[in-house]
Amino acid sequence: MKPSIIVHGGAWDIPDVLVEPHERGCELAATAGHDLLLAGGSAVDAVVEAVAIMEDDSTFDAGVGSVLNQSGQVELDAIVMDGKSLRSGAVAAIQFVRNPVRIARNIMERTNHSMLVGDGALDFAVKEGFERCTIEDLLVGRELEDYREFMRTGVMGTKRHFSGVGDTVGACAIDREGHVACATSTGGIPRKPAGRVGDSPLVGCGAYADDGVGAVSATGWGEQIMAVVMSKTTIDIKRTVSDPITACKNAIAVLKERVDGFGGVIMVDIHGKVGYCHSTPRMAFAFVEGVSSERRVSTSM
Ligand code: ASP
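So, how was this worked out
- Residues numbered from 1 in each chain as written.
- Predicted model: local features only at pLDDT ≥ 70, side-chain atom pairs only at ≥ 80, totals over all residues.
- Heavy atoms only, no water.
- Buried < 20%, exposed > 50% of the residue type's maximum accessible area, 1.4 Å probe, protein only.
- Helix = DSSP H or I, 4+ residues; strand = E, 2+ residues; numbered from the N terminus.
- Pairing = 2+ DSSP bridges.
- pLDDT = per-residue confidence, 0-100.
- Contact = heavy atoms within 4.5 Å.
- Axes fitted to C-alpha atoms, helices over the stretch in contact; angles between N-to-C directions.

So, on to the pairing of strand β11 (residues 282-289). Taking burial as the measure, the eight residues of β11 include seven buried ones, the bulk of the element. Across six bridges, the pairing between strand β1 (residues 4-12) and β11 is antiparallel. Each residue of the ladder has a partner; that of Val7, found in β11, is Ala286. Sheet topology note: the β11/strand β12 (residues 294-298) ladder contains five bridges and is antiparallel. Across the sheet, residue Phe287 finds its bridge partner in β12, namely Arg296.

In structure tokens:
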């Protein structure tokens, strides 16, 4: 099996000046994940590494560069799912960690649980040997300014505001053994209330992987994505169509038809073909498709 990987760096109206860092960040992550797969790494290894690279890149709203909530905190959500076992691990509203996706992996592989939240998730991370960081380690000027603007104007995160920000990251991969996996990580939507958890860490919503079909990661307005269980819906649609791009398009159509939602979705199927679709003006994504040897980095379809 020739391995494939696809990553995304959020779906929104990415301004022209931010296109290059988004594309570069996605390309670096996809290339690193693909190199790991070529070296015999598992799909789980590849998606965790690709997402961790994007968490470390302050371009994106995940790990370093995440948005602040209304209380001036950085609360992070992340998930990883293994299509072989259907096991998943997730953290939600966790503070003071750089790479929530790595903690999600440890939950999946080293506990009998699927999700830990808040302080409990942080306690687990510290016990597992992850370094506790400060909010300053995660905060970038762009987000501090946005927060100060929020404090000044009191304008809440709205659907309209969301169309301006949404740099959640995700990855889907298939390895040489034919196993699939996916991961998604986010700081959530800007100006969210403290404790708000979106779709990203929820199994079936922000991500889903099943060795019988493929792996999916979604991005967009979380409450709408949750309403249509977007990632699992994409998997179910893929059972009825042969092409993953068609599956992604049909899933985005469901989001629009059922909840007037918008966002983006990426997928890899069990033949190593990739799919992607977004209803936002742009979505940053990059892929290396083993079956066709195609590589692509883009912010539009
Ligand atoms: N889905 C994320 C959330 O609602 C945001 C995003 O994808 O940009 O938390």
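Additional details are given in the paragraphs that follow.
A word on the confidence of the model for the protein chain. Per-residue confidence for the protein chain gives a mean pLDDT of 94, with 96% of residues at or over 70. Low pLDDT, under 50, characterises residues 158-164; the predicted model gives this stretch 16 contacts beyond four residues in sequence or across chains.

It is worth spelling out the sheet that holds β11 at this point. Taken together, eight strands build an open sheet; the order of strands is β4-β3-β2-β6-β5-β1-β11-β12 and the sheet is mixed. Of all strands in the sheet, those with a lone pairing partner are β4 (115-117) and β12, marking the two edges. Put simply, the sheet's adjacent strands are angled 10 degrees from each other on average, direction ignored. Judged from the six bridges that link them, strand β2 (residues 76-82) and strand β6 (residues 180-186) form a sheet pairing that is antiparallel. Residue pairing across strands places Ala78 opposite Ser185, the latter belonging to β6. Lying on the sheet, helix α3 (residues 100-110) is in contact with β2, β3 (87-94), β4 and β6; it crosses β3 at an angle near 135 degrees.

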